[in-house]
Amino acid sequence: MRYVGVAAVWAYRFTLAPFLGVGQCKYHPSCSQYAIDAYKEFGFFKGTVLAGWRLLRCNPWSRGGVDYARDQKVFK
Amino acid sequence: MIVASILTPLEDLLRHILNALHSLGLPWAWSIVGLTIIVRMLLVPLTVKQIHSMQNMQAHAPQMKEIQRKYKGDRTKLNEELMKFYKENNINPAASCLPLLAQLPVFIGLFYTLRRFAKKPPPGDLSWLHFVPNIAKHANSHWSGYVLLAIYVLSQVASTYFMSGTMQKSQRYLMMVLPFVFIPFILKFPTGLVLYWMTTNLWTVGQGLVTRRLVPKVATTPTVAPAGPKRSSRTPPKDDAATGADIDTAAPAPRPTPAQTRRVKKKKGGARR
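Residue indices follow the written sequence of each chain, beginning from 1 at its first position. To read the labels, note that chains go from A and ligands from 1, taken in the order they are written. Local features in a predicted model are, by the rule used here, given only for residues with pLDDT of at least 70; side-chain atom pairs are given and counted only at 80 or more, and totals for whole chains, interfaces and linings are based on all residues.

1. Here we look at the overall build of chain B
- Each helix is a run of H or I in the DSSP string that is no shorter than four residues. Each strand is a run of E no shorter than two, and both are numbered from the N terminus. Counting secondary structure elements, chain B contains 13 helices and zero strands.
- Counting helices and strands in the order they occur from the N terminus, chain B gives α-α-α-α-α-α-α-α-α-α-α-α-α.

Below, the structure written as structure tokens:
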């Protein structure tokens, strides 16, 4: 199931991402990489929540920085 | 299917805006361009923020160069160190994912709207600029579709060029090659959709050009000083209308002075083409 998520992110990378316009993410790793890591480590549902939360944080008012999926604080 | 039903309210909204623009007297094609510009204009506040952060980055460029030199071989480490540096110096890197993704529902909504458009074309003029006969038809149904497609690919590559920043080289190349890979798929899309892409890409390129010109301006602030007297010298020759060339040459000179107002003006002008 978790690989469905990983596949979805890759599908996004190869189809929609170039259309949306390319910008570098303010976080490291980038949001899509974070989503892949989160899916691999936490499974489909937790991974989706984590990736969604990360996307919401990746806005112009946040500060960015180094942020790995394994260091998440949502699920403890 | 699921995506379509989730997006129905947005689709309705987009169709309403499209209809409103059309009822104002714009042909359908220009309504699509107008809708795109409206969406992008809503994102302008974000862009202004990006410009500020870009200027901030510019100020810290030497230190960042040093970091880049230090971790030249290791991309991952370099990225990490840069991010740490941003955080320490309160720098907000230019791009972020959410504004980009905000375009996604609009784009998908527009896709469905235009597909319905193509199935049941509404009454009214469907041509654009006298060379696109029907924006509801597939892009490969007329040679004009290929022209739009070429502009789309060029603008996509150009916007990648402006936006990619410190992106990894391999990824950057991939992003530049992908538009070419997509050509056969895009050919099956309604021309109106290509029109949307073209407009939004050109807007991005315009923004990129504006920010490019704006950012070095910070370093060369002394140019503001000579601009003052120049403007006053421009006013007297204005009396004789015959020397129109004189005004033309003088016109670009005062440009750098109102850096704040020009920023907004230019953006709108650059994108409308």
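2. Some words on the overall build of chain A
- When helices and strands are tallied, chain A shows three helices and two strands.
- Its helices and strands in sequence order give chain A the pattern α-α-β-α-β, from N to C terminus.
- Using C-beta atoms placed from the backbone, we call a residue buried if 20 or more other C-beta atoms fall within 10 Å of its own, exposed if 12 or fewer do, and partly exposed for counts in between. Going through the 76 residues of chain A one by one, you find that 39% of them count as buried.

3. Overview of the confidence of the model for chain B
All names here are of chain B.
- Per-residue confidence from the prediction method is given by pLDDT, with values spanning 0 to 100. In this model, chain B carries an average pLDDT of 69, and 68% of its residues clear a pLDDT of 70 or more.
- Mean pLDDT across the elements of chain B bottoms out in helix H12 (residues 244-250) (39) and peaks in helix H2 (residues 8-23) (85).
- Placing C-beta atoms from the backbone, we regard two residues as in contact once those atoms come within 7 Å. Within the model, pLDDT remains below 50 along residues 217-273, and this stretch shows 34 contacts once partners closer than five positions in the same chain are excluded.
- Here the complex is predicted with pTM 0.62, and the ipTM for its interfaces comes to 0.79.

4. Describing the nonpolar core
- What makes a nonpolar core is a set of buried Ala, Val, Leu, Ile, Met, Phe, Trp, Tyr and Cys residues, with links drawn between C-beta atoms within 7 Å. Counting residues in each nonpolar core, the largest one holds 33 residues, and the members touching the most others are Ala29, Ile135, Leu193, Val194 and Leu195 of chain B.
- In this structure Leu195 of chain B touches Ala29, Ile32, Val33, Trp128, Ile135 and Leu148 of chain B, once residues within four positions along its chain are discounted.
- Counting 16 residues, the second largest nonpolar core, distinct from the first, contains Cys25, Cys31, Ala38 and Phe42 of chain A.

5. Things to note about the environment of Leu50 of chain A
- Relative to the helices and strands, Leu50 of chain A is located in helix H3 (residues 31-57).
- In the structure, Leu50 of chain A is positioned 15 residues away from Ala35 of chain A in sequence and 7.4 Å away in space, judged by C-alpha atoms.

6. Details of the packing of helix H5 (residues 61-70) of chain B against helix H6 (residues 75-88) of chain B
All names here are of chain B.
- Every angle, taken between N-to-C directions, lies between 0 and 180 degrees, and every axis is a line fitted to C-alpha atoms, over only the stretch in contact when it is a helix. Between H5 and H6, the least distance of the axes is 9 Å, while the angle of their chain directions is 155°. One finds that H5 runs roughly antiparallel with respect to H6. With respect to the hand of their crossing, H5 and H6 are arranged in right-handed fashion. Every residue of H6 that contacts H5 at Gln63, Met64, Ile67 and Gln68 is listed here: Leu78, Glu81, Leu82 and Phe85.
- Here the term charged refers only to Asp, Glu, Lys and Arg, the term nonpolar to Ala, Val, Leu, Ile, Met, Phe, Trp, Tyr, Cys and Pro, and the term polar to all other amino acids, Gly among them. Partitioning the contact of H5 with H6 into residue classes produces five nonpolar, two polar and one charged. Every angle not falling under 35 degrees, over 145, or within 65 to 115 is termed oblique; those three ranges are roughly parallel, roughly antiparallel and roughly perpendicular. Note on convention: near helix rotated counterclockwise from far helix by under a right angle means a left-handed crossing. Clockwise means right-handed.

7. As for the packing of helix H1 (residues 2-14) of chain A against H3 of chain A
All names here are of chain A.
- For the pair H1 and H3, interaxial distance at closest approach is 8 Å and the crossing angle is 150°. By the angle between their directions, the pair H1 and H3 is classed as roughly antiparallel. Judged by the twist between their axes, the crossing of H1 over H3 is right-handed. On H3, the residues touching Arg2, Val4, Gly5, Val6, Val9, Tyr12 and Arg13 of H1 are Ser32, Ala35, Ile36, Tyr39, Lys40, Gly43, Phe44, Gly47 and Thr48.
- Its residues assigned to classes, the contact of H1 with H3 comprises eight nonpolar, five polar and three charged.

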